[in-house]
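Coordinate analysis (summary)
The lines below spell out each chain.
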Amino acid sequence: MRPATFRVEGLAARLAPVVWDGRIPDLIGASFVRNSIQLRVPEADINVRVHAAGPTTLHLTFEAVFRECGLDSAAGGTWWDSWQVTVEPRAPGDTDGTAEAMRVLADQVLAARRRFAVLLADASQAA
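Remember, predicted model here, so these are calculated numbers, not experimental data.

**Regarding the overall build of the protein**
- Broken down by element type, the protein carries two helices and six strands.
- Per-residue burial over the protein gives 37% buried out of 127 residues.
- Long-range pairs, those at least 24 residues apart, make up 45% of the contacts in the protein between residues at least 6 apart in sequence.
- Entry remark: accessible area of the protein is about 7000 Å², with carbon and sulfur atoms responsible for 54%.

**Focus: the side chain of arginine 113**
- Turning to its location among the elements, arginine 113 is positioned in helix α2 (residues 98-126).
- At 2.8 Å, the side chain of arginine 113 forms a polar contact with the backbone oxygen of proline 25.
- Ignoring sequence-local partners within four residues, the contact set of arginine 113 consists of Ile24, Pro25, Asp26, Val41, Pro42, Glu43 and Phe66.

**A word on the environment of alanine 106**
- With respect to the helices, strands and loops of the structure, alanine 106 is situated in helix α2.
- The spatial distance from the C-alpha of alanine 106 to the C-alpha of leucine 15 is 9.8 Å, given a sequence separation of 91 residues.
- Setting aside residues no more than four positions away along its own chain, alanine 106 makes contact with Val18, Arg23 and Ile24.

**Section: the pattern of salt bridges**
- If you walk through the whole model with that rule in mind, you get nine salt bridges.
- Close ionic contact of aspartate 81 with arginine 115 constitutes a salt bridge, the shortest N to O distance being 3.7 Å. With aspartate 81 in strand β6 (residues 78-87) and arginine 115 in helix α2, the pair connects residues that are 34 residues apart, well separated along the chain.
- Across the pair glutamate 100 and arginine 103 runs a salt bridge, and its minimum N-O distance is 2.5 Å. A residue pair is termed a helical-turn pair when its members lie 3 or 4 positions apart in one helix, as glutamate 100 and arginine 103 do in helix α2 at three residues.
- Overlapping salt bridges, with partners in common, bring together Asp26, Glu43 and Arg113 in one network.

Quick notes on the rules
- Residues numbered from 1 in each chain as written.
- Predicted model: local features only at pLDDT ≥ 70, side-chain atom pairs only at ≥ 80, totals over all residues.
- Heavy atoms only, no water.
- Helix = DSSP H or I, 4+ residues; strand = E, 2+ residues; numbered from the N terminus.
- Buried < 20%, exposed > 50% of the residue type's maximum accessible area, 1.4 Å probe, protein only.
- Contact = heavy atoms within 4.5 Å.
- Areas by Shrake-Rupley, 256 points an atom, 1.4 Å probe, with all protein chains shown as cover.
- Polar contact = N/O pair within 3.5 Å; in protein donor to acceptor, adjacent residues only side chain to side chain.
- Salt bridge = Lys/Arg side-chain N within 4 Å of Asp/Glu carboxyl O.

Have a look at this one:
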């Protein structure tokens, strides 16, 4: 399923196929402009800065804002997280690192969403 909004241009556009191949479920909106990726899912806004560290190496810097009540943000808390991942090609045909970067992008978003779901479940049990 394609998101409702979609914009692509610049270096980040190399990673845009991760949207239409369905690797990020429940995607509401996506923007791939210059060196910035913005992804919106029901419970979070995730921004990723893409920096070329060489012809085949990319640095992905993630900043995520998670909303306790998802899009119904009238109640609940908000949590922030940030992290960086260096990506280098692994497959023989991935000459510029794009395939590996798309895999890492999707994996990192899914892992962050799982971490948040666990933290939220733990917080609600403690309350």
